[in-house]
Amino acid sequence: MAQVNGESSSSTLPPVGGGKRVRVHHLTAAKAAGERLTMLTAYDAPTARIFDAAGIDMLLVGDSVGDNMLGHESTIPVTMEELLPAVRAVSRSTQRAMVVADLPFGSYEAGPQQALASAVRMLKEGGAQAVKFEGGTRVAEHVRLITGAGIPVVGHIGFTPQSEHMLGGKRVQGRGDDAAGRLCEDAVALQEAGAVAVVLEMVPAPVAARASEVLQIPTIGIGAGPSCDGQVLVWLDMAGMGDWSPRFAKQFAQIGAQLHQAASDYAAEVRGGVFPTQDHSYAD
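Residues numbered from 1 in each chain as written. Predicted model: local features only at pLDDT ≥ 70, side-chain atom pairs only at ≥ 80, totals over all residues. Heavy atoms only, no water.

## Details of a nonpolar patch on the surface
Right, so step 1: A grouping of Tyr266, Val270 and Phe275 is seen on the molecular surface, where their side chains present a nonpolar patch of about 280 Å² in accessible area.
Right, so step 2: One can find Phe275 in the segment after helix H11 (255-271).
Right, so step 3: Phe275 gets classed as partly exposed once you look at its relative accessible area, which sits at 31%. (Patch = residues over 30% accessible without salt bridge, like charges linked within 9 Å, V, L, I, M, F, W, Y side chains within 5 Å. Areas by Shrake-Rupley, 256 points an atom, 1.4 Å probe, with all protein chains shown as cover. Salt bridge = Lys/Arg side-chain N within 4 Å of Asp/Glu carboxyl O. Helix = DSSP H or I, 4+ residues; strand = E, 2+ residues; numbered from the N terminus. Buried < 20%, exposed > 50% of the residue type's maximum accessible area, 1.4 Å probe, protein only.)

## Quick look at the side chain of His156
Right, so step 1: Inspection of the secondary structure puts His156 in strand S7 (residues 153-158).
Right, so step 2: When its relative accessible area of 4% is taken as the criterion, His156 is described as buried.
Right, so step 3: In terms of polar contacts, His156 uses its side chain to reach the side chain of Glu201, at 2.9 Å. (Polar contact = N/O pair within 3.5 Å; in protein donor to acceptor, adjacent residues only side chain to side chain.)

## Overview of the UniProt feature "binding site: Mg(2+)" (unreviewed entry) in the chain
Right, so step 1: Listed under "binding site: Mg(2+)" (unreviewed entry) in the UniProt record, and renumbered for this structure, are Asp63, Asp102 and Glu134. Despite a sequence span of 72 residues, these residues sit close together in the fold, their greatest C-alpha distance being 11.1 Å.
Right, so step 2: By the element assignment, Asp63 lies in the loop between strand S4 (58-61) and helix H3 (65-68).
Right, so step 3: If near-sequence neighbours (up to four positions away) are discounted, Asp63 is found in contact with Thr75, Val78, Leu83, Asp102, Pro104, Glu134 and Gln162.
Right, so step 4: Turning to its location among the elements, Asp102 is positioned in strand S5 (residues 98-102). (UniProt positions renumbered as here; feature names shortened; annotations may be inferred. Contact = heavy atoms within 4.5 Å.)

## A closer look at the environment of Phe105
Right, so step 1: Inspection of the secondary structure puts Phe105 in the loop between S5 and helix H5 (112-124).
Right, so step 2: Residue classification places Phe105 among the partly exposed positions, given a relative accessible area of 40%.
Right, so step 3: Spatially, the C-alpha atoms of Phe105 and Ala45 are 24 Å apart, while their sequence positions differ by 60 residues.
Right, so step 4: For Phe105, the contacting residues outside a window of four places in its chain are Ile76, Val78 and Gln162.

## Considerations on the domain arrangement of the chain
Right, so step 1: Each assigned domain of the chain is listed here: domain 1 (24-253) and domain 2 (254-283).
Right, so step 2: For domain 1 versus domain 2, the distance between C-alpha centres works out to 38 Å.
Right, so step 3: With five residues of domain 1 in contact, the opposing surface of domain 2 contributes five residues.
Right, so step 4: Between domain 1 and domain 2, the buried area comes to about 390 Å², and carbon and sulfur atoms account for 56% of it.
Right, so step 5: Of all residues in domain 1, Gly240, Met241 and Ala253 bury the most surface against domain 2, accounting for 73% of the area lost on that side.
Right, so step 6: Summed over the shared surface of domain 1 and domain 2, the result is zero salt bridges.
Right, so step 7: If you look at where domain 1 meets domain 2, you find three residue pairs in polar contact (both at pLDDT 80 or more). (Domains from an automatic or database assignment. Buried area = accessible area lost by both parts, 1.4 Å probe.)

## Things to note about the state of the cysteines
Right, so step 1: This model, assessed by the stated rule, comprises zero disulfides.
Right, so step 2: Cysteine Cys184 shares no disulfide, and the gap to the nearest cysteine sulfur, in Cys228, comes to 11 Å.
Right, so step 3: Given the relative accessible area of 1%, Cys228 is considered buried. (Disulfide = S-S within 2.5 Å.)

## Looking at the sheet that holds strand S9 (residues 219-222)
Right, so step 1: Here we have eight strands rolled up into a closed barrel, ordered S3-S4-S5-S6-S7-S8-S9-S10, and parallel in their pairing. Across the sheet, the mean angle separating the axes of adjacent strands is 25° when strand polarity is ignored.
Right, so step 2: Here strand S3 (residues 37-41) runs beside S4; their pairing, made up of three bridges, is parallel. If you follow Leu40 over to S4, its bridge partner there is Leu59. (Pairing = 2+ DSSP bridges. Axes fitted to C-alpha atoms, helices over the stretch in contact; angles between N-to-C directions.)

## Considerations on the environment of Asp57
Right, so step 1: Structurally, Asp57 can be placed in the loop between helix H2 (45-53) and S4.
Right, so step 2: Sequence separation between Asp57 and Val274 is 217 residues, and the spatial gap between their C-alpha atoms is 43 Å.

## Some remarks on the packing of helix H8 (residues 177-193) against helix H9 (residues 205-214)
Right, so step 1: Two numbers describe how H8 lies on H9: the axes approach to 10 Å, and their chain directions differ by 30°. In terms of orientation, H8 and H9 fall into the roughly parallel class. Seen from above, H8 lies across H9 with right-handed handedness. Together, Ala180, Leu183, Cys184 and Val188 of H8 and Val207, Arg210, Ala211 and Val214 of H9 make up the contact between the two elements.
Right, so step 2: In terms of residue class, the contact of H8 with H9 is made up of seven nonpolar, no polar and one charged. (Parallel < 35°, antiparallel > 145°, perpendicular 65-115°, else oblique. Left-handed = near helix turned anticlockwise from the far one by under 90°. Nonpolar A, V, L, I, M, F, W, Y, C, P; charged D, E, K, R; others polar.)

Here it is as C-alpha coordinates:
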(Lines give C-alpha, C1' and ligand atoms only; values in the text may rest on other atoms or scores of the structure.)
Protein backbone atom coordinates (compact mmCIF):
# COMPACT_ATOMS: atom_id res chain seq x y z
CA MET A 1 0.00 0.00 0.00
CA ALA A 2 1.51 3.33 -1.04
CA GLN A 3 2.58 5.77 1.65
CA VAL A 4 2.08 9.53 1.32
CA ASN A 5 3.47 11.80 4.07
CA GLY A 6 3.45 8.91 6.50
CA GLU A 7 -0.11 7.84 5.64
CA SER A 8 -1.38 5.19 3.25
CA SER A 9 -2.86 6.49 0.01
CA SER A 10 -6.15 4.84 0.97
CA SER A 11 -6.24 6.50 4.39
CA THR A 12 -9.63 7.53 5.73
CA LEU A 13 -7.99 10.66 7.15
CA PRO A 14 -7.22 13.86 5.21
CA PRO A 15 -3.71 13.89 3.73
CA VAL A 16 -1.01 15.91 5.45
CA GLY A 17 -0.65 19.22 3.66
CA GLY A 18 -3.87 18.68 1.75
CA GLY A 19 -5.68 21.66 3.24
CA LYS A 20 -8.52 19.64 4.79
CA ARG A 21 -9.12 19.36 8.53
CA VAL A 22 -9.76 16.15 10.46
CA ARG A 23 -13.48 16.03 11.28
CA VAL A 24 -15.79 13.86 13.35
CA HIS A 25 -16.69 11.58 10.45
CA HIS A 26 -12.99 10.90 9.84
CA LEU A 27 -12.65 9.58 13.40
CA THR A 28 -15.44 7.02 13.05
CA ALA A 29 -14.23 6.05 9.58
CA ALA A 30 -10.71 5.50 10.91
CA LYS A 31 -12.00 3.20 13.65
CA ALA A 32 -14.09 1.23 11.16
CA ALA A 33 -11.01 0.84 8.93
CA GLY A 34 -8.72 -0.14 11.80
CA GLU A 35 -6.59 2.97 11.26
CA ARG A 36 -4.89 4.24 14.40
CA LEU A 37 -5.44 7.86 15.42
CA THR A 38 -2.71 10.11 16.81
CA MET A 39 -3.12 12.84 19.43
CA LEU A 40 -0.67 15.05 21.28
CA THR A 41 -1.14 17.95 23.63
CA ALA A 42 -0.21 21.44 22.41
CA TYR A 43 -0.26 24.73 24.29
CA ASP A 44 1.24 27.30 21.93
CA ALA A 45 1.57 28.27 18.28
CA PRO A 46 5.10 26.99 17.46
CA THR A 47 4.57 23.45 18.75
CA ALA A 48 1.05 23.28 17.30
CA ARG A 49 2.40 24.26 13.90
CA ILE A 50 5.11 21.60 14.07
CA PHE A 51 2.76 18.83 15.19
CA ASP A 52 0.19 19.78 12.57
CA ALA A 53 2.82 19.64 9.82
CA ALA A 54 3.97 16.26 11.19
CA GLY A 55 0.49 14.84 10.60
CA ILE A 56 -0.81 14.51 14.17
CA ASP A 57 -4.56 13.97 13.78
CA MET A 58 -5.81 15.64 16.97
CA LEU A 59 -4.23 18.32 19.15
CA LEU A 60 -5.45 18.50 22.74
CA VAL A 61 -5.15 21.87 24.43
CA GLY A 62 -5.28 20.21 27.81
CA ASP A 63 -5.63 21.48 31.32
CA SER A 64 -2.31 19.65 31.65
CA VAL A 65 -0.94 23.08 30.75
CA GLY A 66 -1.19 23.64 34.50
CA ASP A 67 1.42 21.16 35.69
CA ASN A 68 3.48 21.20 32.48
CA MET A 69 3.69 24.86 31.52
CA LEU A 70 2.29 27.07 34.28
CA GLY A 71 4.14 25.67 37.28
CA HIS A 72 1.12 24.25 39.13
CA GLU A 73 1.37 20.94 40.95
CA SER A 74 -1.77 19.63 39.24
CA THR A 75 -4.38 20.52 36.64
CA ILE A 76 -6.92 21.66 39.22
CA PRO A 77 -5.95 25.38 39.48
CA VAL A 78 -6.25 25.97 35.70
CA THR A 79 -9.00 28.43 34.74
CA MET A 80 -10.90 29.17 31.55
CA GLU A 81 -9.06 32.49 31.32
CA GLU A 82 -5.70 30.71 31.41
CA LEU A 83 -6.69 28.02 28.92
CA LEU A 84 -8.46 30.14 26.31
CA PRO A 85 -5.30 31.97 25.08
CA ALA A 86 -3.62 28.60 24.53
CA VAL A 87 -6.66 27.32 22.63
CA ARG A 88 -6.60 30.40 20.41
CA ALA A 89 -2.88 30.02 19.72
CA VAL A 90 -3.19 26.36 18.74
CA SER A 91 -6.33 26.89 16.65
CA ARG A 92 -4.74 29.75 14.71
CA SER A 93 -1.66 27.68 13.94
CA THR A 94 -3.20 24.49 12.54
CA GLN A 95 -4.75 23.54 9.22
CA ARG A 96 -5.32 19.79 9.46
CA ALA A 97 -5.45 18.62 13.08
CA MET A 98 -8.72 18.62 15.00
CA VAL A 99 -8.21 20.99 17.93
CA VAL A 100 -9.79 19.66 21.12
CA ALA A 101 -10.02 21.98 24.14
CA ASP A 102 -10.25 20.73 27.70
CA LEU A 103 -12.89 22.15 30.00
CA PRO A 104 -10.95 22.92 33.20
CA PHE A 105 -12.06 22.01 36.70
CA GLY A 106 -14.91 24.20 37.86
CA SER A 107 -16.15 25.03 34.37
CA TYR A 108 -18.73 22.22 34.05
CA GLU A 109 -19.30 20.59 37.45
CA ALA A 110 -22.31 22.79 38.30
CA GLY A 111 -24.38 21.11 35.60
CA PRO A 112 -25.12 20.76 31.89
CA GLN A 113 -25.89 24.45 31.34
CA GLN A 114 -22.56 25.54 32.80
CA ALA A 115 -20.82 22.91 30.67
CA LEU A 116 -22.57 24.18 27.54
CA ALA A 117 -21.60 27.78 28.29
CA SER A 118 -17.96 26.77 28.76
CA ALA A 119 -17.96 24.66 25.60
CA VAL A 120 -19.43 27.54 23.59
CA ARG A 121 -16.60 29.78 24.77
CA MET A 122 -13.99 27.25 23.67
CA LEU A 123 -15.40 27.24 20.14
CA LYS A 124 -16.50 30.87 19.85
CA GLU A 125 -13.56 32.53 21.60
CA GLY A 126 -10.93 29.82 21.27
CA GLY A 127 -11.58 28.49 17.78
CA ALA A 128 -11.52 24.84 18.87
CA GLN A 129 -13.39 22.17 16.93
CA ALA A 130 -14.29 20.00 19.94
CA VAL A 131 -14.15 19.95 23.73
CA LYS A 132 -13.12 17.30 26.26
CA PHE A 133 -14.07 16.87 29.89
CA GLU A 134 -13.88 14.18 32.52
CA GLY A 135 -16.50 11.75 33.78
CA GLY A 136 -18.74 8.94 32.60
CA THR A 137 -22.39 8.36 33.37
CA ARG A 138 -22.51 11.34 35.74
CA VAL A 139 -21.79 13.78 32.87
CA ALA A 140 -23.89 12.06 30.20
CA GLU A 141 -26.49 14.82 30.31
CA HIS A 142 -23.74 17.41 29.90
CA VAL A 143 -22.57 15.58 26.78
CA ARG A 144 -26.11 15.28 25.44
CA LEU A 145 -26.78 19.00 25.78
CA ILE A 146 -23.45 20.07 24.28
CA THR A 147 -23.59 17.72 21.31
CA GLY A 148 -27.21 18.74 20.78
CA ALA A 149 -25.91 22.27 20.34
CA GLY A 150 -23.60 21.08 17.58
CA ILE A 151 -20.36 20.88 19.57
CA PRO A 152 -18.37 17.61 19.38
CA VAL A 153 -17.40 16.14 22.75
CA VAL A 154 -14.50 13.83 23.57
CA GLY A 155 -15.09 11.94 26.81
CA HIS A 156 -12.43 11.08 29.41
CA ILE A 157 -12.69 8.16 31.85
CA GLY A 158 -10.39 5.91 33.86
CA PHE A 159 -7.96 8.02 35.83
CA THR A 160 -9.39 11.52 35.73
CA PRO A 161 -6.78 14.04 36.98
CA GLN A 162 -9.35 16.60 38.15
CA SER A 163 -10.66 13.98 40.61
CA GLU A 164 -7.28 12.79 41.89
CA HIS A 165 -8.07 13.77 45.49
CA MET A 166 -11.20 11.61 45.47
CA LEU A 167 -9.36 8.78 43.69
CA GLY A 168 -6.52 8.80 46.21
CA GLY A 169 -3.84 10.09 43.87
CA LYS A 170 -2.58 9.01 40.46
CA ARG A 171 -3.85 5.43 40.56
CA VAL A 172 -4.76 2.96 37.83
CA GLN A 173 -8.55 2.66 37.48
CA GLY A 174 -10.74 -0.22 36.28
CA ARG A 175 -9.05 -3.05 38.18
CA GLY A 176 -11.39 -5.84 39.29
CA ASP A 177 -14.54 -7.08 37.61
CA ASP A 178 -16.83 -4.47 39.18
CA ALA A 179 -14.56 -1.54 38.34
CA ALA A 180 -13.97 -2.82 34.81
CA GLY A 181 -17.71 -3.22 34.29
CA ARG A 182 -18.40 0.30 35.54
CA LEU A 183 -15.76 1.73 33.22
CA CYS A 184 -17.34 0.05 30.19
CA GLU A 185 -20.76 1.27 31.32
CA ASP A 186 -19.37 4.81 31.54
CA ALA A 187 -17.90 4.51 28.05
CA VAL A 188 -21.20 3.32 26.60
CA ALA A 189 -23.10 6.08 28.40
CA LEU A 190 -20.82 8.69 26.84
CA GLN A 191 -21.30 7.17 23.39
CA GLU A 192 -25.08 7.07 23.77
CA ALA A 193 -25.03 10.72 24.87
CA GLY A 194 -23.28 11.66 21.63
CA ALA A 195 -19.54 11.70 22.42
CA VAL A 196 -17.35 11.38 19.30
CA ALA A 197 -14.43 9.66 21.05
CA VAL A 198 -13.37 8.62 24.56
CA VAL A 199 -9.97 9.00 26.22
CA LEU A 200 -9.08 6.03 28.45
CA GLU A 201 -6.38 7.00 30.94
CA MET A 202 -4.41 4.60 33.15
CA VAL A 203 -6.65 1.56 32.89
CA PRO A 204 -5.56 -2.09 32.50
CA ALA A 205 -4.91 -3.01 28.88
CA PRO A 206 -7.53 -5.81 28.80
CA VAL A 207 -10.20 -3.41 30.10
CA ALA A 208 -9.29 -0.83 27.45
CA ALA A 209 -9.39 -3.55 24.81
CA ARG A 210 -12.88 -4.54 25.93
CA ALA A 211 -14.11 -0.94 25.87
CA SER A 212 -12.61 -0.45 22.40
CA GLU A 213 -14.42 -3.57 21.20
CA VAL A 214 -17.77 -2.50 22.66
CA LEU A 215 -17.73 1.08 21.40
CA GLN A 216 -18.44 2.26 17.87
CA ILE A 217 -16.60 5.53 18.53
CA PRO A 218 -12.80 5.60 18.84
CA THR A 219 -10.97 5.10 22.11
CA ILE A 220 -7.84 7.17 22.67
CA GLY A 221 -5.49 5.55 25.13
CA ILE A 222 -2.96 7.01 27.53
CA GLY A 223 -1.51 4.33 29.72
CA ALA A 224 -4.24 1.98 28.47
CA GLY A 225 -2.32 -0.48 26.33
CA PRO A 226 -2.03 -1.10 22.59
CA SER A 227 -5.61 -2.07 21.74
CA CYS A 228 -7.12 1.42 21.78
CA ASP A 229 -8.07 3.03 18.48
CA GLY A 230 -5.56 5.83 19.04
CA GLN A 231 -3.01 7.16 21.48
CA VAL A 232 -2.39 10.48 23.21
CA LEU A 233 0.61 11.75 25.18
CA VAL A 234 1.56 15.03 26.80
CA TRP A 235 4.05 16.35 24.28
CA LEU A 236 6.70 17.16 26.89
CA ASP A 237 6.68 13.51 27.99
CA MET A 238 6.85 12.34 24.38
CA ALA A 239 9.78 14.63 23.53
CA GLY A 240 11.87 14.13 26.67
CA MET A 241 11.50 17.62 28.06
CA GLY A 242 12.01 16.65 31.70
CA ASP A 243 14.01 14.36 33.97
CA TRP A 244 10.95 12.21 34.65
CA SER A 245 8.05 10.89 32.63
CA PRO A 246 5.24 8.48 33.52
CA ARG A 247 5.68 4.75 32.96
CA PHE A 248 3.26 4.76 30.02
CA ALA A 249 5.13 7.50 28.11
CA LYS A 250 7.88 6.72 25.63
CA GLN A 251 10.44 9.46 25.03
CA PHE A 252 10.88 9.75 21.27
CA ALA A 253 13.59 12.41 21.62
CA GLN A 254 15.62 14.25 24.27
CA ILE A 255 14.58 17.81 23.41
CA GLY A 256 15.13 18.97 26.98
CA ALA A 257 18.79 17.96 26.91
CA GLN A 258 19.26 19.57 23.50
CA LEU A 259 17.63 22.80 24.65
CA HIS A 260 19.83 22.85 27.76
CA GLN A 261 22.94 22.41 25.61
CA ALA A 262 21.85 25.14 23.19
CA ALA A 263 21.25 27.59 26.04
CA SER A 264 24.61 26.70 27.61
CA ASP A 265 26.43 27.18 24.28
CA TYR A 266 24.68 30.53 23.76
CA ALA A 267 25.67 31.75 27.22
CA ALA A 268 29.27 30.66 26.75
CA GLU A 269 29.61 32.45 23.39
CA VAL A 270 28.06 35.66 24.68
CA ARG A 271 30.28 35.70 27.76
CA GLY A 272 33.34 34.88 25.68
CA GLY A 273 32.67 37.57 23.08
CA VAL A 274 32.24 34.97 20.34
CA PHE A 275 28.63 35.90 19.55
CA PRO A 276 27.55 38.06 17.83
CA THR A 277 29.95 38.38 14.91
CA GLN A 278 29.82 40.60 11.86
CA ASP A 279 27.60 37.98 10.24
CA HIS A 280 24.97 38.79 12.86
CA SER A 281 25.32 42.57 12.61
CA TYR A 282 23.93 45.29 10.32
CA ALA A 283 26.14 47.62 8.28
CA ASP A 284 25.61 51.37 8.02
